[in-house]
Amino acid sequence: MKNLILIRHAKSSWEAPLKDFDRPLVKKGIHDAHDVSASISKFLPKAYLIWSSTAARAVETALIFAQNISYPIESIIFKDELYTFDEKHLENVIKSCNNAFESVILFGHNEAITNFVNKFGDVFIDNVPTSGFVSLQFDTESWDKLDKGRTLKTIFPKDLK
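Counting restarts for each chain: residues are numbered from 1 in the order of the written sequence. In keeping with the model being predicted, local features are shown solely for residues with a pLDDT of at least 70 and side-chain atom pairs are shown and tallied solely at 80 or more, while totals for entire chains, interfaces and linings include all residues. To obtain the side-chain values, all non-hydrogen atoms of the structure were used and water was disregarded.

Taking an unreviewed UniProt entry as the reference, the protein is identified by name as Histidine phosphatase family protein belonging to Flavobacterium hydatis.

Have a look at this one:
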């Protein structure tokens, strides 16, 4: 059994004249990331890896979640290849995970996340919002053999209002 939790980075700013990769979180994004991360502990597997895109907004989101779920910040694995908006590329990164690990929490970007959860989950989600949490489970022992799985839980900021 493999467990994958996908979390879309929190709301970020388009205000500053920065490259997309460098965009920081806005106050609402920080607030939403704290709200969602405070609501997920009972839906987390016992042990897991955290992977994050290296884009500023994903890094900031991963750090907020790690803090709130008591995950050691120095154990987060930052991957340049997770800075992608393409679900096929995201799928290839996920399928490269070492099979010794049963569970991964991944911080990334849309459209890749929404398209991935719709391809591999069993619940259609029109759009995974910023700070959105989607938990999937797969009946396989090998990451590279991922096929249709089950959507176990979604938590979106609007659900917590």
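**Overview of the overall build of the protein**
Strands are runs of DSSP state E lasting at least two residues, helices are runs of H or I lasting at least four, and both sets are numbered from the N terminus onward. Assigned secondary structure in the protein consists of 4 helices and 6 strands. Secondary structure elements of the protein occur, N-terminal to C-terminal, as β-α-β-α-β-α-β-α-β-β. Its C-alpha atoms put the protein at 45 × 35 × 30 Å along the principal axes. A buried classification covers 50% of the 161 residues belonging to the protein. Restricting the contact set of the protein to residue pairs at least 6 apart, pairs at least 24 apart contribute 74%. Element-wise, carbon and sulfur atoms account for 53% of the exposed surface of the protein, whose accessible area totals about 7800 Å². The cut-offs for exposure are 20% and 50% of the maximum accessible area for each residue type, with area from a 1.4 Å probe on protein chains only; residues under the lower value are buried, those over the upper are exposed, and the others partly exposed. Contact criterion: two residues are considered in contact whenever any of their non-hydrogen atoms come within 4.5 Å of each other. Here the accessible surface of atoms and residues is derived via Shrake-Rupley with a 1.4 Å probe, and residues count as covered only by protein chains that are part of the display.

**A closer look at the packing of helix H1 (residues 27-37) against helix H2 (residues 56-68)**
Angles run from 0 to 180 degrees between N-to-C directions of axes, and those axes are lines fitted to C-alpha atoms, restricted for helices to the stretch in contact. Close contact between H1 and H2 brings their axes to 9 Å; oriented N to C, the two are set at 35°. With respect to the hand of their crossing, H1 and H2 are arranged in right-handed fashion. On the side of H1, the interface is formed by Ile 30, Ala 33, His 34, Val 36 and Ser 37, while H2 contributes Thr 61, Ile 64, Phe 65, Gln 67 and Asn 68. Counted by class, the contact of H1 with H2 contains 5 nonpolar, 5 polar and no charged residues. In this scheme, a crossing is called left-handed if the near helix is turned counterclockwise away from the far one by less than a right angle; it is called right-handed if the turn is clockwise. All residues other than Ala, Val, Leu, Ile, Met, Phe, Trp, Tyr, Cys, Pro, Asp, Glu, Lys and Arg, Gly among them, are scored as polar; the first ten of these are nonpolar and the last four charged.

**Topic: helix H3 (residues 87-95)**
Regarding H3, the residues found buried are Leu 90, Glu 91, Val 93 and Ile 94. Taken end-on, H3 shows its buried residues confined to a sector of 160°, consistent with a single buried face. The inward-facing, buried residues of H3 abut strand S1 (2-8), strand S2 (49-53), strand S3 (77-79), strand S4 (103-108) and helix H4 (112-120). By the N-cap criterion, in which a side-chain oxygen at the helix start approaches the backbone nitrogen of a residue two or three places on, H3 is capped by Asp 86, the distance to Lys 88 being 3.2 Å. Note that the arc is defined by the directions from the helix axis to the C-beta atoms. Any pair of N or O atoms that falls within 3.5 Å is considered a polar contact. Within protein, one atom must be able to donate a hydrogen and the other to accept it, and sequence-neighbouring residues count only if both atoms are side-chain atoms.

**Observations regarding the packing of aromatic side chains**
Each aromatic ring pair is specified by the distance between its two centres and by the angle formed by the two planes. Put simply, two rings from Phe, Tyr or Trp (the six-membered ring, in Trp's case) pair if the centres are within 6.5 Å, and we call them stacked under 30 degrees between planes, edge-to-face over 60, tilted for the rest. Throughout the structure, instances matching the rule amount to 6 aromatic pairs. Centroid distance Tyr 48 to Tyr 71: 5.5 Å. Interplanar angle 20°. Geometry classified as stacked. With a gap of 23 residues between them, Tyr 48 in the loop between H1 and S2 and Tyr 71 in the loop between H2 and S3 connect regions that are remote in the sequence. The exposure classification of Tyr 48 matches that of Tyr 71, with both residues buried. Centre to centre, the rings of Phe 65 and Phe 107 are 5.2 Å apart; their planes meet at 65°, and the pair counts as edge-to-face. Of this pair, Phe 65 sits in helix H2 while Phe 107 sits in strand S4, placing them 42 residues apart in sequence. Residue Phe 65 shares its accessibility class with Phe 107, and that shared class is buried. Joined through ring pairs, the aromatic side chains of Phe 21, Tyr 83 and Phe 85 make up one cluster. Across the ring face of Trp 14, the terminal group of Arg 23 is positioned such that the distance to the ring centre comes to 3.5 Å. To sit over a ring, a charge needs its Lys NZ or Arg CZ within 6 Å of the ring centre and within 35 degrees of the ring normal. Taking NZ or CZ as reference, Lys 79 lies 4.4 Å from the ring centre of Trp 51, over its face.

**Quick look at the side chain of Ser 142**
Looking at the secondary structure, you find Ser 142 in the loop between strand S5 (133-138) and strand S6 (150-155). The exposure class assigned to Ser 142 is buried, which follows from its relative accessible area of 14%.

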